[in-house]
Amino acid sequence: MTSRIAVGAALGASLFVVGAALADDTPKLTELSPNGADACFGRVYDAAHLKAHPKQKVARIFFYYGHDPVSRPNEEPSTFGGAAYDGFLTTTVRGTKKPEWAAGWCKRQSEDGKSGQIHCGMECDRTLASLKVDDKGRLIVSNVQPDVYLDAGAEEELGTAQYNKQALGSEDDNFRLDPMPAATCKAEFARIDPALGAPLRERLKPDQAFCYGRDYDAAHLKSHPDQVTQSIRVFRGPVELASYASGGDVANWPDGADIAVSVTTRLKTGKVTQTYSCQGEADQWRCAASSKMSDFACDVSQKEIFLKRGANGTMMLANPNSALAIVDLCSQAADGKTKSDDKVYRLNPMPQSACAP
């Protein structure tokens, strides 16, 4: 964990904020930012506090009101423009080093937008937090939901035990945060995946081919006896480019983009290539198996893989639910969760010739 942040006495009861002013079309919440600049509030809990509150998981918490401090566009093209979100929450739970974060838009809960409690909402009518500034200039962050970082319906999908492990604790609410320089919040948000760079939808152009892959050597396979995959390629070639050119919507890239995945396994099936149709979803491409190039005896559209940007120009492929064609996608073996080491792959950029059919 990084060193603790000291709050200078000079901050006192004032709202000390720095940074660029908010966009003109962004509603001003003057109690958060009297001068219209980006505002930061935060707190790092000491060991004594955490010992006295055993059901509080959050050890570090920061709230930022203003321009996006993460500056990492998602895989979904924004339909709201640059001022879509103006409230950003990041927390680090005890025992971990990496923060989690969520964003929303904050406004007063009144028809005129000039009075009432400040509510910060998220997509799908979810709540990020409710805000109030006390008489000492501290920000009271309440109504923080345990599943603020989880998908809707996560408890049913994960099961109670896993949900409770990933969700925030029962005492993770009603945080009292001190005003801090905007640079402090920016530094905190910079701890989130600092080296991942631009999203895939910016790296990979709609009209350009690409090839990512990995070949596993004997030493790796020996140390991973449950891994079936010997080599893997993820690519867009002439067929996929032509398909998108004929009906794709560049403004909503990568929605509707086809990719192909070729896998060679230890089994005697040889190389198997499967087509997937992708769409941007938060920080990943969600790609469903397609029957365009194959004749399946079942509906394979529920067989999904996920692509994410990786560090240093790599691509991460997740196969959580047996959606890679390392087995017949209609077989009983493909039902449910992937049980082998063929779950997550770190793929490197390769020349297009490495992905030739």
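Computed from a prediction, not measured in an experiment: that's the story for all the values here. (Residues numbered from 1 in each chain as written. Predicted model: local features only at pLDDT ≥ 70, side-chain atom pairs only at ≥ 80, totals over all residues. Heavy atoms only, no water.)

**Here's the deal with the sheet that holds strand β9 (residues 210–215)**
Selection rule: Only when DSSP finds a minimum of two bridges between them are two strands counted as paired. Under the DSSP-based scheme used, a helix requires at least four consecutive residues in state H or I and a strand at least two consecutive residues in state E, with every element numbered from the N terminus. Geometry is summarised by axes, namely lines fitted to C-alpha atoms with helices restricted to the contacting stretch, and by angles between N-to-C directions that run from 0 to 180 degrees. Contacts: residue pairs with any heavy atoms within 4.5 Å of one another.
Spatial strand order, β9-β10-β11-β12-β13-β14-β15-β16: eight strands in a closed barrel with antiparallel pairing. Going across the sheet, the axis of each strand differs from the next one's by a mean of 30°, ignoring polarity. Here β9 pairs with strand β16 (residues 344–349) via two bridges, running antiparallel. Bridging from a neighbouring strand, G213 pairs with N348 of β16. Strands in contact with helix α7 (residues 238–247) are β10 (229–236) and β11 (257–265); relative to β11, the strand with the most contacts, it is inclined by about 160°.

**A closer look at the state of the cysteines**
Rules: By disulfide we mean two sulfur atoms from cysteines, separated by a distance within 2.5 Å. A simple rule labels every residue: compare its accessible area, found with a 1.4 Å probe on the protein chains alone, to the largest value its type can have, and call it buried under 20%, exposed over 50%, or partly exposed in between.
Within this structure, the stated rule accounts for four disulfides. One disulfide in the model links C106 with C120; its S-S distance is 2.0 Å. Here the disulfide of C106 and C120 is right-handed, its torsion about the S-S bond being about 110°. Residue C106 is found in strand β4 (residues 100–108), and its partner C120 is found in strand β5 (residues 118–122); the two are separated by 14 residues along the sequence. For the residue pair C106 and C120, the accessibility class agrees, reading buried in each case. The disulfide partner of C211 is C355, and the gap between their sulfur atoms is 2.0 Å. Because the sign of the S-S torsion sets the handedness, a value of about 75° for the bond joining C211 and C355 places this disulfide among the right-handed ones. Pair noted here: C211 is in strand β9 and C355 is in the segment after β16, with a separation of 144 residues, a long-range link. This pair shows no difference in class: C211 is buried, exactly as C355 is.

**What to know about helix α4 (residues 182–189)**
As a reminder of what qualifies: The arc in question is formed by the directions pointing from the helix axis toward the C-beta atoms.
Here α4 has its buried residues at A182, T184, C185, E188 and F189. An end-on view of α4 places all buried positions within 160° of arc, on one side of the element.

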